[in-house]
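Listed below, chain by chain, are the residues.
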Amino acid sequence: MSHENYMREAIRLAEQGMRGGRGGPFGCVVVRRGEIVGRGNNRVTSTNDPTAHAEVVAIRDACAKLGTFQLDDCELYTSCEPCPMCLSAIYWARIPSIFYGNTRTDAAAIGFDDDFIYQQVPLPPEQRTLKMELFLRDEAQVAFREWAEKTDKVRY
C-alpha cells in the first residue's frame, strides 16, 4: 500500500464513524512495515469518553495488537492535524512520523477549536483558565521516591 492508501483509509474511517453516529469526522490508522496495525475513528459521543479521539483509539488498537506500548517503528495517518491530547499520545507512543489531511484551522472552521488548548498549555499553571493548585506534595512524593529506587521498573 502507498501513503495515499493509508491516508484514504484514515479518511474513510472518519466518514464511516461520522455517518454511523459514533462521533466527529476524524479517522486514523497506525502503520508498521507497510501494514495497518491500528484503526480508529472518533467515538467521543457514542462512548461518552472525551479521550476517544481517532488517534487515541488507533494507538490503543495498535498497542493491543502488537503487545507493546512503544510504536517507535510505526507511522500515523490521521484525517486531521492532531489536537494537543492526541499529539501528546503520539509522543508518548514514540511514533516518529505523522501524516495529516486537514489542518487545525480547517477543524476550527467546522466547530472543533483546539486553539484554546494550544494557547493554554504553555502558560504557567496559575495563569490557565483551569484552576490548578499544588496540594499534598510531600505525601505525593513518597511514590516518586519509591519509583526512583525501584530496580525492576519498566521504563517508558
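Above this text you will find the structure in question.
Heads up: these notes are all about the structure in this document. (Residues numbered from 1 in each chain as written. Predicted model: local features only at pLDDT ≥ 70, side-chain atom pairs only at ≥ 80, totals over all residues. Heavy atoms only, no water.)

Considering the pattern of salt bridges
Scanning all chains against the criterion turns up 10 salt bridges. Between Asp73 and Arg32 there is a salt bridge whose closest N-O contact spans 2.8 Å. You can see Asp73 sitting in the loop between α3 (54-66) and β3 (74-80) and its partner Arg32 sitting in strand β1 (residues 27-32), a full 41 residues away along the chain. Taking the relative accessible area as the measure of exposure, Arg32 reaches 23% and is therefore partly exposed. The salt bridge involving Asp49 is made with Arg60; its shortest N-O contact spans 4.0 Å. One end of the pair, Asp49, is in the loop between α2 (44-47) and α3; the other, Arg60, is in helix α3, and 11 residues separate them in sequence. According to the relative accessible area criterion, Asp49 is partly exposed, its value standing at 23%. Residue classification places Arg60 among the partly exposed positions, given a relative accessible area of 46%. In this structure, a network of salt bridges that share partners links the residues Glu9, Arg12 and Arg39. (Salt bridge = Lys/Arg side-chain N within 4 Å of Asp/Glu carboxyl O. Helix = DSSP H or I, 4+ residues; strand = E, 2+ residues; numbered from the N terminus. Buried < 20%, exposed > 50% of the residue type's maximum accessible area, 1.4 Å probe, protein only.)

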